[in-house]
Amino acid sequence: MDYNKIPSPSYVLEETLLRRNLALIKSVKDRAGVNIILAFKAFAAWKAFPIIREYIPYSTASSIFEAQLAFEEMGSLAHSFSPAYTDTDFPIIMKYSSHITFNSLTQFEKFYPMVELGDKKISCGLRINPEYSDVETDLYNPCAPGSRLGITKDQLGDILPKGVEGLHFHTLCESTSFDLETTLLHVEEKFGDLLKQLKWLNMGGGHLMTSKEYDVEHLIRLLGDFKNRYPNLEIIMEPGSAFLWHTGFLRSRVVDIVENKGIKTAILDISFTCHMPDCLEMPYKPVIRGAYQEAVEGKPTYRMGGCSCLSGDYMGDWSFDSALQVGDTIIFEDMIHYTIVKTNMFNGIYHPHLYMLLGNGQLQLLRTFDYLDYKNRMS
């Protein structure tokens, strides 16, 4: 590909790679006999939804806007969950949802009467906290001590409230099938007596089944064994990252090179804090195409610096075979999942375009941004 044909900065979603992931996810869905749905919190670029709908027709929502997007652009009602619904939002959530999960018993008791009196069937569930997660980063650990997410077994007791048809746990983050297996042991230990009373169990997200290292066959066996123990349950999974894992990149360019105390920093036309926030939050160091991912003695080595005024808007270090020059292209790999939905306009920095590289090699512009996007956001 001639990257000079892509304006900088731009996110580029690759259709062929997206379809590869979707085909694998659908095969797991069909072979395991489970329902796998797209989590909008990881990807909500709706102009790509027609492709996704060919494989997976349902989605999960965490807000009224996501629920409405599911209805309008996925063409289906959402499986909705929020840490707390408000009196204003809940009627809208009901309008656009087939399933609603509540984070607490108080929320369920407050809003379930509205569901009962509604004019369409909505299946209600509770989010549980099995008090176990293998996630090491506290920012992403929903089972850390004092977590605000989910109901523990001692709070729930042994009898489900009338109207509860499902339970929902979400304890994984880019995890393996073996992590899920361990999690299920804890779920069954604490909530196994309740599972037999239900219609569905939502196993949340974090199932990174499209990673090359993921053991898909183990996942299918694991889900099959679980379904054999609980044949009454519909199993729902809602991965986010797995749908978009390694399906595209962020194209940027070097604007300047500065040096301080022997450290060279390539200043880019993108920002980590604005355009790759997960890199700073997780944190993780993204792969740069054609670079050595760690410093190599004797080779030109640089930090990558963002273009915002935040002092910590940088990461490093990468080495290259040749010294970088102003104008050089820098390609950050795997920048579609979570990155796009988390971007912001801090400092009023120019926002990357969003393109799709079609299967026929043509570039399709999905969205461009300008001053009015920033101005209207600040109004």
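See the structure printed just above.
Heads up: these notes are all about the structure in this document. Note that the structure is a prediction, hence the values are computed from the model and not measured.

Right, let's get into the nonpolar core. Within the largest apolar cluster, 98 residues are counted, with the highest numbers of intra-cluster contacts made by Leu167, Met203, Met237, Met304 and Phe332. Counting 6 residues, the second largest nonpolar core, distinct from the first, contains Ile6, Phe249, Ile331 and Tyr355.

To continue, consider unusual backbone geometry. Note that the residue after Ser8, namely Pro9, is joined by a cis bond; omega there is 0°. Residue position: Pro9 is located in the segment before strand 1 (10-14). Cis geometry is found at the peptide bond from Gly316 to Asp317, where omega equals 0°. Within the element layout of this structure, Asp317 appears in strand 14 (residues 314-319).

Here the focus is a nonpolar patch on the surface. Among the surface-exposed residues, Leu280, Leu310 and Phe346 lie close enough to one another that they form a single nonpolar patch of about 230 Å² accessible area. The topology assignment puts Phe346 in the loop between helix 12 (339-342) and strand 16 (353-357).

Now for the side chain of Glu66. Within the secondary structure, Glu66 sits in helix 3 (residues 64-74). Despite its burial, Glu66 pairs with no opposite charge; the closest candidate is Lys41, at 8.0 Å N-O. Not counting residues within four places of it along the chain, the set of residues in contact with Glu66 comprises Phe40, Lys41, Thr60 and Ala61.

In this model, helix 1 (residues 15-32) (18 residues) spans 26 Å end to end at C-alpha, consistent with the 26 Å of a helix rising 1.5 Å per residue. Three or more residues of helix 1 are buried, namely Glu15, Leu18, Asn21, Leu22, Ile25, Val28 and Ala32. Seen along its axis, helix 1 keeps its buried residues to an arc of 150°; they face one direction. Buried positions along helix 1 lie against strand 1, strand 2 (35-36), helix 2 (49-53), helix 8 (216-229), helix 9 (241-244) and strand 16. At the exit of helix 1 stands Gly33, carrying a positive phi of roughly 70°.

A word on the pattern of salt bridges. Tallying each qualifying case throughout the model produces 17 salt bridges. Glu15 serves as the salt-bridge partner of Arg19, at 2.9 Å between the closest nitrogen and oxygen. With a gap of 4 residues between them, Arg19 and Glu15 both fall in helix 1, about one helical turn apart. Asp87 serves as the salt-bridge partner of Lys110, at 3.1 Å between the closest nitrogen and oxygen. You can see Lys110 sitting in helix 5 (residues 105-117) and its partner Asp87 sitting in the loop between strand 5 (78-81) and helix 4 (90-95), a full 23 residues away along the chain. Exposure remark for Lys110: the relative accessible area of 45% places this residue in the partly exposed category. Ionic contacts of the salt-bridge type, sharing partners, join the residues Glu15, Arg19 and Glu54 into one network.

Rules of the game
- Residues numbered from 1 in each chain as written.
- Predicted model: local features only at pLDDT ≥ 70, side-chain atom pairs only at ≥ 80, totals over all residues.
- Heavy atoms only, no water.
- Core = buried A, V, L, I, M, F, W, Y, C linked by side-chain atoms within 4.5 Å.
- Buried < 20%, exposed > 50% of the residue type's maximum accessible area, 1.4 Å probe, protein only.
- Helix = DSSP H or I, 4+ residues; strand = E, 2+ residues; numbered from the N terminus.
- Patch = residues over 30% accessible without salt bridge, like charges linked within 9 Å, V, L, I, M, F, W, Y side chains within 5 Å.
- Areas by Shrake-Rupley, 256 points an atom, 1.4 Å probe, with all protein chains shown as cover.
- Salt bridge = Lys/Arg side-chain N within 4 Å of Asp/Glu carboxyl O.
- Lys, Arg positive; Asp, Glu negative; His and termini not counted.
- Contact = heavy atoms within 4.5 Å.
- Expected span 1.5 Å × (residues − 1).
- Arc of directions from axis to C-beta.

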